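Single-letter residue listing:
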Amino acid sequence: MPRYIFVTGGVVSSLGKGLTAAAIGLLLERHGLRVRMQKFDPYINLDPGTMNPSQHGEVYVTEDGAETDLDLGHYERFTNGMVNRDSNYTTGKIYNSVISKEREGQYLGSTVQVVPHITDEIKSCIERVASEDVDIVISEIGGTVGDIESLPFLEAIRQFGLEKGRDKVMYIHLTLLPYLSASGEVKTKPTQHSVGRLREIGILPDMLICRTEKSISPELRRKIALFCNVPVNAVIEEKDVDYSIYELPVMLKREQVDALVLKHFGIKYSEADLSEWIVMLESLRTPKLETEIAIVGKYIELTDAYKSIYESLTHAGIAHQARVKFRKIQAQDIEREGPERLLAGSKGILVPGGFGDRGIEGKIEAIRYARELRVPFFGICLGMQCACVEFARNVLGMEAAHSTEFAPQTKYPVISLLGEQLGVLKKGGTMRLGAYPCRIVSGTRAAEAYAQGFVQERHRHRYEFNNEFRGAFERGGMKFCGNSPDGSLVEMVELPGHPWFVGCQFHPEFKSKPVHPHPLFREFVRASLAHL
Ligand code: GLN
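Here is a short report on the structure shown in this document.

About the thresholds
Residues numbered from 1 in each chain as written. Predicted model: local features only at pLDDT ≥ 70, side-chain atom pairs only at ≥ 80, totals over all residues. Heavy atoms only, no water. Pairing = 2+ DSSP bridges. Helix = DSSP H or I, 4+ residues; strand = E, 2+ residues; numbered from the N terminus. Contact = heavy atoms within 4.5 Å. Axes fitted to C-alpha atoms, helices over the stretch in contact; angles between N-to-C directions. Disulfide = S-S within 2.5 Å. Near = heavy atom within 4 Å. Polar contact = N/O pair within 3.5 Å; in protein donor to acceptor, adjacent residues only side chain to side chain. 1 Å grid on protein atoms, 1.4 Å probe; cavity = no way out; pocket = protein on both sides within 12 Å on 5 of 7 lines; lining within 4 Å. Sits in = over half its atoms within 2 Å of the grid points. Nonpolar A, V, L, I, M, F, W, Y, C, P; charged D, E, K, R; others polar. Core = buried A, V, L, I, M, F, W, Y, C linked by side-chain atoms within 4.5 Å. Buried < 20%, exposed > 50% of the residue type's maximum accessible area, 1.4 Å probe, protein only. Patch = residues over 30% accessible without salt bridge, like charges linked within 9 Å, V, L, I, M, F, W, Y side chains within 5 Å. Areas by Shrake-Rupley, 256 points an atom, 1.4 Å probe, with all protein chains shown as cover. Salt bridge = Lys/Arg side-chain N within 4 Å of Asp/Glu carboxyl O. Points joined across faces, edges and corners; volume = space filled by probe spheres on them. Parallel < 35°, antiparallel > 145°, perpendicular 65-115°, else oblique. Left-handed = near helix turned anticlockwise from the far one by under 90°.

## Considerations on the sheet that holds strand β17 (residues 413–417)
Strand order in the open sheet formed by 3 strands is β16-β17-β20, with mixed pairing between adjacent strands. In the strand order of this sheet, the two ends are held by β16 (402–403) and β20 (463–465), each with one partner. Its contacts with the sheet put helix α16 (residues 382–394) on β16, β17 and β20, and the angle it makes with β17 is roughly 145°.

## Remarks on the sheet that holds strand β6 (residues 136–141)
Taken in spatial order, the 7 strands line up as β5-β2-β6-β1-β7-β10-β11 in an open sheet, and their pairing is parallel. The sheet is open, and its two edges are formed by β5 (88–90) and β11 (235–239), each paired on a single side. Here the strands of the sheet are splayed against their neighbours by 20° on average, with no regard to which way each runs. Note that strand β7 (residues 169–177) and strand β10 (residues 207–212) share 6 bridges and pair parallel. By the bridge assignment, Thr-175 is partnered in β10 with Cys-210. The strands that helix α5 (residues 114–129) touches are β1 (3–9), β2 (35–41), β5 and β6; relative to β2, the one it contacts most, it runs at about 155°.

## Re the state of the cysteines
As used here, a disulfide is simply a covalent bond connecting the sulfur atoms of two cysteines. One pass over the structure, following the stated rule, counts 0 disulfides. Of the cysteine sulfurs around Cys-386, a residue in no disulfide, the closest is that of Cys-388, at 9.2 Å. In this structure Cys-504 is not part of a disulfide, and its nearest cysteine sulfur, from Cys-381, lies 8.1 Å away.

## Quick word on the site of the ligand
Every residue lining the ligand is accounted for by Gly-353, Gly-354, Phe-355, Cys-381, Leu-382, Gln-385, Glu-405, Arg-460, His-461, Arg-462, Tyr-463 and His-507. Here an oxygen atom of the ligand and a backbone polar atom of Tyr-463 are 2.8 Å apart. Interatomic distance of 3.2 Å between a side-chain N/O atom of His-507 and a nitrogen atom of the ligand. Applying the majority rule of atoms within 2 Å of the grid points places the ligand in the second largest pocket. Among the secondary structure elements, those contributing two or more residues to the shell around the ligand are α16 and β19 (454–461). In terms of residue class, the shell around the ligand is built from 4 nonpolar, 5 polar and 3 charged.

## Some remarks on the nonpolar core
Within the largest apolar cluster, 46 residues are counted, with the highest numbers of intra-cluster contacts made by Ile-5, Leu-28, Ile-138, Met-207 and Trp-277. Here this core takes 8 residues from helix α1 (residues 17–29), the largest share from any one element. When near neighbours in sequence (up to four residues on either side) are disregarded, Ile-5 contacts Leu-28, Ile-136, Val-137, Ile-138, Ser-139, Met-170, Ile-172, Val-261 and Phe-265. Counting 40 residues, the second-largest nonpolar core is a separate cluster that includes Ile-334, Ala-366, Ile-415 and Phe-469.

## Regarding a nonpolar patch on the surface
There is a patch of nonpolar side chains on the surface, built from Tyr-95, Ile-99, Val-114 and Val-115 and spanning about 320 Å² of accessible area. Listed by contribution, the elements that provide at least two residues to the nonpolar patch are α4 (91–103) and α5. In this fold, Val-114 is placed in helix α5.

## Side note on the pattern of salt bridges
Scanning the entire structure with this criterion turns up 44 salt bridges. For the salt bridge of Arg-445 with Glu-448, the shortest nitrogen-to-oxygen distance reads 3.8 Å. One end of the pair is Arg-445 and the other is Glu-448, both in helix α18 (residues 445–450) and 3 residues apart, which spans about a single turn. In this structure, a network of salt bridges that share partners links the residues Lys-39, Asp-41, Asp-69, Asp-71 and Glu-140.

## Let's talk about the layout of surface pockets
In this model, the largest pocket occupies a volume close to 1200 Å³. If you trace the largest pocket, you find 45 residues lining it, with Ser-14, Leu-15, Leu-70, Asp-71 and Asp-304 closest to the centre. When contributions to the lining of the largest pocket are tallied by element, the ones reaching two or more residues are α1, β2, α2 (53–56), α3 (71–78), β11, α12 (307–319) and β13 (322–330). By volume, the second largest pocket is sized at about 760 Å³. Around the second largest pocket sit 35 residues that line it, and Gly-49, Gly-354, Phe-355, Met-431 and Arg-460 are the ones nearest its centre. Classifying every residue of the lining of the second largest pocket gives 15 nonpolar, 12 polar and 8 charged.

## Considering empty space enclosed by the protein
Counted according to the given criterion, the structure contains 1 cavity of 30 Å³ or more. Computed from the structure, the largest cavity encloses a volume of approximately 30 Å³. Looking at the largest cavity, the residues that line it are Thr-8, Gly-9, Ile-141, Gly-142, Gly-143, Thr-144, Val-145, Ser-150 and Leu-154. Split by residue class, the lining of the largest cavity holds 3 nonpolar, 6 polar and no charged.

## Let's talk about the packing of α5 against helix α6 (residues 151–164)
In the contact formed by α5 and α6, the axes pass within 9 Å of each other and the chain directions differ by 70°. For the element pair α5 / α6, the angle class is roughly perpendicular. Our pair here, α5 against α6, has a crossing hand that is right-handed. The residues of α6 that touch α5, namely those facing Val-114, Val-115, Ile-118, Thr-119, Asp-120, Ile-122, Lys-123, Ile-126 and Glu-127, are Pro-152, Phe-153, Glu-155, Ala-156, Ile-157, Gln-159, Phe-160, Glu-163 and Lys-164. Of the residues contributing to the contact of α5 with α6, the split by class is 10 nonpolar, 2 polar and 6 charged.

Next comes the structure, spelled out in C-alpha cells:
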C-alpha cells in the first residue's frame, strides 16, 4: 500500500521545491523504500515543449519521450525511481483528458465541472504512478499557494488525504523566511499567511520546510510552530547551500526530515546509508584539479536553459576530482568579435542543442576554432549538426553548406529532414523524442567512453544528418562512430586525429547523475584536463 507525500510551496516561486522534493526522495530511497516522483504544473500548455526557454528553462525529456518540466531532471539525478509521461501533468493535460472524455460521452450527460471532474482526474493521475512496486509517491505541486491556477490541484490533494486516510498522506509545505538586514531579523509573517491560505483550503501541513539565509533560533522555531499549527520538530530549517545543491539531502537528514516522514507513515526507522553520496560530495567540495569549459549557446544568460548540461559537466568533474568552471559565451558575440579572444584559454568547448538561427554562425565559428586549434570539443544535437556543417564548409570545401532548418535552398543540405518529419505541421510533441538505440563503432572515442557496443540515448530533434553526404564526410576524415542499429541514422560523429572532437545527435545530459556521470561528459572533461 503506497504512501503519498505532497510538496507545496508558499510565499514566492523559485524556492527550490523540486530540489527539496528530490532530496527527500533520495533520503527515503536510502532507507530502502521504492520512491516515485511526480510534478503537477498549473499552466495550460499541454507540456513545456512549445515554450520559450526564457519562460520555462530547459525542456527535460524522459526515456518514453515526454517533454517535461526541468524538475524531473532533479528527480532523476537524485533518485533511481523511474520518470515517464505520467510523472508530469499540466492543467492543460488534465483538461485535455477531461474534455476528450466529455466528447466520448463518458460523463453520461452530467454537467462537467472543476469539482468533481477535474479534481477526480488529478487524483487518478496521482494513482497512476502508485503501482505495486512503489512504496512512496512524492507529488510536487507547481506554483505558489494562493495562485488562482493551483487551486484545483490543492483541492484534489485535500480530497486525496481525506479518502486515503491521514496516516497514508503527508503534506509538506516549503516556505520562505525572509531576512531583513535593516532590522537584522528573520521574518515569519509571510509563512504564517501562506500556511493560513493552505488551512483555509483544508490542508493542514505536517511539516514546514523553511528556506532561509540565516539559521533560525529555537525560539523562532517555536513561534512558527505555534502560529502555523505544526509540531516544533516539524519546523525544518533549509539554509542556502554552501557549495552545491547536492548538499541538500545531507542537510535535510541533519534536520531529521527522513525520521519524521517514516514516523508519520508508521514505518520502522533504520539508518539511511548515505555513504556513496558523501564520498561524491567530498570530491565536489575539495577538488584537486580545475578546468574551464566554454559553453557557446543562445540562451547563455538564463541559468536554467542548459540546466542538465551544466549539471552533467559538474558530475564529470566529480569523477576526476576536478572543479569544472563554466565560461558562458553568447554565440552572437562570436559572430561580432570572432572566436579568438572569447575562447582563448578555455580547455574545452561545448555547443549545446537549440532551435532557430540566431547565433548559428557563431557556433560554427567556435567549432572551427576547436577543430583547428585542437581544443576538446563536444557537440550536442544542434551542436553536432553545426559540427557537420562546419566540416562540410571548411574541410570538404562545400561552400555555404547548411542545415535545411536554416537554409532550405542550400546546395549542400548536410543536415535535413528525413521522411517521417517531412509532412509534420503541428509543433507540440512531434519531434523525434525519447530513447532510441545506438550502435557504437569499436575502436572509436565513443567506444572508449561507453565501453559497450550498444546504448540507448534520449532524443529531441527534427533534423538528421543527410546520408547523401556520408561518403564525402568519411573520405574527408570524419568518423560516424554511432549509428542507429539498421545503420540508417547517424547518431554520433568524431574526428579521429583530434584530441577529443565528438558530436552526438541525442542528449546525453539527461542521463547523467552525480554518482554516475555520463561517460561522454566524463571523457570530454578528462580530455579538457589534459589540454594544455
Ligand atoms: N533544431 C535541431 C533539430 O530540430 C536541433 C534540436 C536540438 O538541438 N535539440 O533537429
